[in-house]
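What the coordinates show
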Amino acid sequence: MRKLGIAGIIGGLLLTAGTACTQARPASSAAASSAPVSSAPVSSTTASSTTGRPAGADVCSAGGLRVRLGRVDPGAGNRYAPLTFTNVSGAACVLSGHPGIALLDADGGLLPVSVRNLEGPGEVATLEPGASVSSVLHWTVVEPGCVSPARLRATPPGGGPGVTVRLPGGPVCGGVDVTPVG
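The present account deals with the structure reproduced in this document. Per chain, residue numbering runs from 1 following the sequence as it is written. The predicted nature of this model means local features are confined to residues of pLDDT at least 70 and side-chain atom pairs, given and counted, to a pLDDT of 80 or more, with totals for whole chains, interfaces and linings taken over all residues. Side-chain numbers here rest on the full set of heavy atoms in the structure, without hydrogens or water.

**A word on the overall build of the chain**
Numbering goes from the N terminus for both helices and strands, where a helix is a DSSP run of H or I of at least four residues and a strand is a run of E of at least two. Of regular secondary structure, the chain possesses two helices and 14 strands. Here's how the labels work: a residue is buried when its accessible area is under 20% of the maximum for its type, exposed when over 50%, partly exposed in between, all with a 1.4 Å probe on protein chains only. Across the 182 residues that make up the chain, the buried fraction comes to 38%. Restricting to contacts in the chain with at least 6 residues of sequence separation, those with at least 24 account for 80%. All accessible areas in this document rest on Shrake-Rupley with a 1.4 Å probe, and a residue is counted as covered only by the protein chains that are shown. Accessible surface for the chain amounts to roughly 9,200 Å². Of this, 59% is attributable to carbon and sulfur atoms. Any two residues whose heavy atoms approach within 4.5 Å at even a single point are treated as in contact.

**As for the sheet that holds strand β13 (residues 163–166)**
Strands were regarded as paired on the criterion that DSSP finds at least two bridges between them. Strand order in the open sheet formed by three strands is β7-β12-β13, with antiparallel pairing between adjacent strands. Among the strands making up the open sheet, the edge pair consists of β7 (100–104) and β13. Across this sheet, the average inter-strand angle for adjacent strands is 25 degrees, counted without regard to direction. Across five bridges, β7 lies against strand β12 (residues 151–155) in antiparallel orientation. Paired with isoleucine 101 across the two strands is alanine 154, which belongs to β12. With axes taken as lines fitted to C-alpha atoms, and helix axes fitted only over the stretch in contact, angles between N-to-C directions fall between 0 and 180 degrees.

**Comments concerning the environment of leucine 83**
One can find leucine 83 in strand β5 (residues 78–87). Leucine 83 gets classed as buried once you look at its relative accessible area, which sits at 0%. Sequence spacing of leucine 83 and serine 134 is 51 residues, and the spatial spacing of their C-alpha atoms is 5.4 Å. Not counting residues within four places of it along the chain, the set of residues in contact with leucine 83 comprises Val67, Arg68, Leu69, Pro99, Ile101, Val133, Ser134, Ser135, Leu137 and Ala154.

**A few points about the pattern of salt bridges**
Whenever a carboxyl oxygen of Asp or Glu lies within 4 Å of a side-chain nitrogen of Lys or Arg, that contact is scored as a salt bridge. Going through the model one piece at a time under the given rule, you end up with one salt bridge. Close ionic contact of aspartate 177 with arginine 116 constitutes a salt bridge, the shortest N to O distance being 2.6 Å. Of this pair, aspartate 177 sits in strand β14 (residues 172–178) while arginine 116 is found in strand β8 (residues 115–117), placing the two residues 61 residues apart along the sequence. Look at aspartate 177 and you get buried, because its relative accessible area is 12%.

**Re the state of the cysteines**
Cysteine sulfur pairs qualify as disulfides if the two atoms are within 2.5 Å. Taken as a whole and assessed by the stated rule, the structure comprises two disulfides. For cysteine 60, the disulfide goes to cysteine 93, at an S-S distance of 2.0 Å. Residues cysteine 60 and cysteine 93 are joined through a disulfide that is right-handed, its torsion about the S-S bond being 85 degrees. Note that cysteine 60 is positioned in the loop between β2 (58–59) and β3 (65–69) and cysteine 93 in strand β6 (residues 93–95), a separation of 33 residues in sequence. With respect to burial, cysteine 60 and cysteine 93 carry one shared label: buried. Paired through a disulfide, cysteine 146 and cysteine 173 show a sulfur-sulfur distance of 1.9 Å. Disulfide cysteine 146 to cysteine 173: torsion about the S-S bond roughly 100 degrees, handedness right-handed. Of this pair, cysteine 146 sits in strand β11 (residues 146–147) while cysteine 173 sits in strand β14, placing them 27 residues apart in sequence.

As structure tokens, then:
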């Protein structure tokens, strides 16, 4: 009886852990535990979330943002990585929505991968100069239909020029899930 009870507890813990690994992580927890993959430094200052655009704050332009892909966090066939946007302009600006994502092969060619925007449009984030806001990218490495990207092209929410960064972490299977910045 004692062996059966312990086995049930261990089985329940494994089931709970497996379920937690398949759910998207909030941007704040993934961003806080990430180490940079690109060489661009990012401020630890975070953005404030508001329900509307503050007076005088324009939408962040692509030229006023630094984009960085954080450390790819592997676990149970899943990969999570924060994509961080930092305001490098001299004025506050607002950002909301999902970044544009494209996966590229070693020659820069576009790979056929579906991108799914999760969690609705998100809130409007006001970025003071030096402040950052993140989106979380999630993909798996164990499903059929895998591609082997060398780089990721990220475009800020609202468009503009994108930034291409190295994408470590092996294959991408079944598409990429993207949370809104926030």
